[in-house]
Amino acid sequence: MKVLVVGGGGREHALCWKLKQSPRLTRLWCAPGNAGIAGEAECVDIGAEDVDRLVDFAVARGVDLVVVGPEGPLVLGLADRLTAAGILVFGPSAAAARLEGSKGFMKDVVSQAGIPTAWYRRFTDAAAAKDFIRAKGAPIVVKTDGLAAGKGVVVAASVDEALRAVDDMMGAKVFGAAGDEVVIEEFLDGEEASLFALCDGKTAVPFGAAQDHKRVGDGDSGPNTGGMGAYSPAPVVTPALEQEAMERVFLPAVKAMAARGAPFTGVLFAGVMVTPAGMKLLEFNVRFGDPEAQVLMARLDCDLLPILAAAAAGTLEGTRPEWNAAAAMVVVMAAAGYPGPYARNTVIRGLDRAAGEPGVPVLHAGTARKDGQVVATGGRVLGITAIGETVAEAQARAYRAIDRIDWPEGFCRRDIGWRAIARA
Ligand code: AMP
Ligand code: GLY
């Protein structure tokens, strides 16, 4: 099969790295890719949201399967356009991608399907939203309805903070049109986990779980990021919890979307909170997590390509992905300053030395090659991904590799996996 992966981050590097191992692969492109992805795939200079050019490219090259990494192009209708052109695509239609693209829509679908989640209300009027916040009290959570690059969520400890969030989102339009509507919801306290299921429009099969580290600093301090590291399996996700997630979250969601005439295909990513009152769904994403994909791909012990193709083709029934028992960990190296402003084009050295650590793929998230050197081009730049018998062993390997990387302008957290290691 000729495959095109869309995206250029660490998640897409992980997908390309795994797809490259498939005996069924004949050709692999990635648009736009990055300096690391160029080692696995032919990078194509087309942006991930340039829908027209992506479709033209896929048609011109006779691509058999397009695997879409990020949510942006899905929300813009890339999957619909590829389907119309007769090309198999792993990733949902625009109508189904609303599960991530509109938090209000997601909450409506989820609550109507009886999926356990936080209580909520949708508002297009700021004054009404504020009255509701005052009536409910804090802690309380305020979210923009639309996509805001992961920044449209305020977990407010006080009523004042929640009211300010409404002013920022609906008044000052800090997130543009994404804040035309807000969702106000119950604060849930517990331990978060990321669960994945592959979906083909009719059914869903479990596809692993991971735990992410969203805060920028050690000890889970500082501002939220896209994710500073992850590990899989996540001990908080017991087999019983995984089963409960299939029965109470994924399968009802797939059924509800089909009933609405927007069948979901691709990967459904459930961000859940494990609370004393049981598991509750925080959010759906319509794509793999980044950096969760890196650890899932490191543990997947079977060919990825036929599985993604089966999800895309609606023939997933009976598919059982296989995992190795080992633990996988990814530690993200980011540019100093991230998630705030950071320098670009700083030179990264020692990547070959780091890759010399056995079983440690260095996955690239935001890099480019300039004048023969690898330079940092994004906030999250590298994902050092290691396998071990235990989380502690994977962690030791990942940090050994990191210590061989010479990049003074970069940093990483030093405690990725602490919850799992503390439990062991
Ligand atoms: P989201 O974009 O919906 O995943 O929200 C980003 C982060 O905000 C989540 O990963 C949680 O850490 C936090 N969060 C979102 N919703 C809630 C909630 N209802 N209660 C507590 N924390 C939340
Ligand atoms: N790591 C969280 C996400 O991809 O949304």
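Here we summarise the structure given alongside this text. (Residues numbered from 1 in each chain as written. Chains lettered and ligands numbered in written order. Predicted model: local features only at pLDDT ≥ 70, side-chain atom pairs only at ≥ 80, totals over all residues. Heavy atoms only, no water.)

**Points about the packing of aromatic side chains**
Thinking step 1. What the rule picks out here adds up to nine aromatic pairs.
Thinking step 2. Considering the side-chain rings of Trp29 and Phe57, the 5.4 Å spacing of their centres and the 90° angle between planes classify their relative orientation as edge-to-face. Linking Trp29 in strand E2 (residues 27-32) with Phe57 in helix H2 (residues 51-60), this pair joins segments that are 28 residues apart in sequence.
Thinking step 3. Judged by relative accessible area, Phe57 falls into the buried class, the value being 12%.
Thinking step 4. Each residue in the set Phe90, Phe196, Phe207, Phe269, Phe288 and Trp323 is aromatic and connected to the rest through ring pairs, giving one cluster. (Phe/Tyr/Trp six-rings, centres within 6.5 Å; stacked < 30°, edge-to-face > 60°. Helix = DSSP H or I, 4+ residues; strand = E, 2+ residues; numbered from the N terminus. Buried < 20%, exposed > 50% of the residue type's maximum accessible area, 1.4 Å probe, protein only.)

**Some remarks on the nonpolar core**
Thinking step 1. Counting 56 residues, the largest nonpolar core has Leu4, Val66, Leu99, Phe250, Leu281 and Phe284 as the members making the most contacts within it.
Thinking step 2. The element contributing the most residues to this core is helix H9 (residues 239-259), with nine residues.
Thinking step 3. The contacts of Leu4, once residues within four sequence positions are left out, are Trp29, Cys30, Ala31, Leu54, Phe57, Ala58, Val63, Leu65, Val66 and Val67.
Thinking step 4. Listed in part, the 36 residues of the second largest apolar core include Ala14, Leu198, Leu305 and Ala311. (Core = buried A, V, L, I, M, F, W, Y, C linked by side-chain atoms within 4.5 Å. Contact = heavy atoms within 4.5 Å.)

**Here's the deal with the site of ligand 1**
Thinking step 1. Within the structure, ligand 1 sits among 14 residues, and Glu185, Glu186, Glu192, Lys214 and Glu283 are positioned closest to it.
Thinking step 2. Glu186 places a polar main-chain atom, nitrogen or oxygen, 2.8 Å from a nitrogen atom of ligand 1.
Thinking step 3. Taking 470 Å² as the accessible area of ligand 1 by itself, protein coverage stands at 89%.
Thinking step 4. For the shell around ligand 1, the secondary-structure elements that each account for two or more residues are strand E7 (140-144), strand E8 (153-156), strand E9 (182-186) and strand E16 (278-285).
Thinking step 5. Counted by class, the shell around ligand 1 contains seven nonpolar, no polar and seven charged residues. (Near = heavy atom within 4 Å. Polar contact = N/O pair within 3.5 Å; in protein donor to acceptor, adjacent residues only side chain to side chain. Areas by Shrake-Rupley, 256 points an atom, 1.4 Å probe, with all protein chains shown as cover. Nonpolar A, V, L, I, M, F, W, Y, C, P; charged D, E, K, R; others polar.)

**Quick look at the pairing of strand E13 (residues 221-224)**
Thinking step 1. For strand E12 (residues 215-217) and E13, the ladder comprises two bridges, and the chain directions are antiparallel. When the sheet's bridge partners are listed, Arg215 is paired in E13 with Asn224.
Thinking step 2. What sits between E12 and E13 in their antiparallel hairpin is a turn of three residues, with Gly219 showing a positive phi close to 70°. (Pairing = 2+ DSSP bridges.)

**A look at helix H1 (residues 10-19)**
Thinking step 1. Burial runs high along H1: nine of the ten residues are buried.
Thinking step 2. For H1, the full list of buried residues reads Gly10, Arg11, Glu12, His13, Ala14, Leu15, Cys16, Lys18 and Leu19.
Thinking step 3. Looking at the packing, one finds that the buried side of H1 touches strand E1 (2-7), E2, strand E4 (65-68), helix H10 (292-299), helix H11 (304-313) and strand E19 (362-364).

**A few points about the pairing of strand E14 (residues 229-232)**
Thinking step 1. Taking every second residue as pointing to the same face, both faces of E14 are buried, with Gly229 and Tyr231 on one and Ala230 and Ser232 on the other.
Thinking step 2. Judged from the two bridges that link them, strand E11 (residues 204-212) and E14 form a sheet pairing that is antiparallel. Looking across to E14, one finds that Asp212 is bridged to Ala230.
Thinking step 3. Here E14 pairs with strand E17 (residues 327-335) via four bridges, running antiparallel. Each bridged residue has a counterpart across the sheet, and for Tyr231 the counterpart in E17 is Met329.

**Re the side chain of Thr203**
Thinking step 1. Secondary-structure assignment places Thr203 in the loop between strand E10 (191-200) and E11.
Thinking step 2. According to the relative accessible area criterion, Thr203 is buried, its value standing at 13%.
Thinking step 3. Leave out the neighbours within four places in its chain, and Thr203 touches Leu198, Leu251, Val254, Leu316 and Glu317.

**Overview of the packing of H1 against H10**
Each pair of packed helices can be summarised by the angle the axes make with each other and by the distance between the axes.
Thinking step 1. It is at 8 Å that the axes of H1 and H10 come closest, and there the two elements cross at 15°. It follows that H1 is roughly parallel to H10 by the angle criterion. Between H1 and H10 lies a crossing whose hand is left-handed. Contacts from Gly10, Arg11, Ala14, Leu15, Trp17 and Lys18 in H1 reach Ala293, Gln294, Met297 and Ala298 in H10. (Axes fitted to C-alpha atoms, helices over the stretch in contact; angles between N-to-C directions. Parallel < 35°, antiparallel > 145°, perpendicular 65-115°, else oblique. Left-handed = near helix turned anticlockwise from the far one by under 90°.)

**Details of the site of ligand 2**
Thinking step 1. The full set of residues close to ligand 2 is Asp212, Gly226, Phe269, Asn285, Arg287, Gly289, Asp290, Pro291 and Glu292.
Thinking step 2. A distance of 3.2 Å separates a nitrogen atom of ligand 2 from a polar backbone atom of Gly226.
Thinking step 3. Within the contact set of ligand 2, a nitrogen atom lies 2.8 Å away from a side-chain nitrogen or oxygen of Glu292.
Thinking step 4. Here ligand 2 loses 89% of its free accessible area of 200 Å² to cover by the protein chains.
Thinking step 5. Here the shell around ligand 2 is built from residues that sort into two nonpolar, three polar and four charged.

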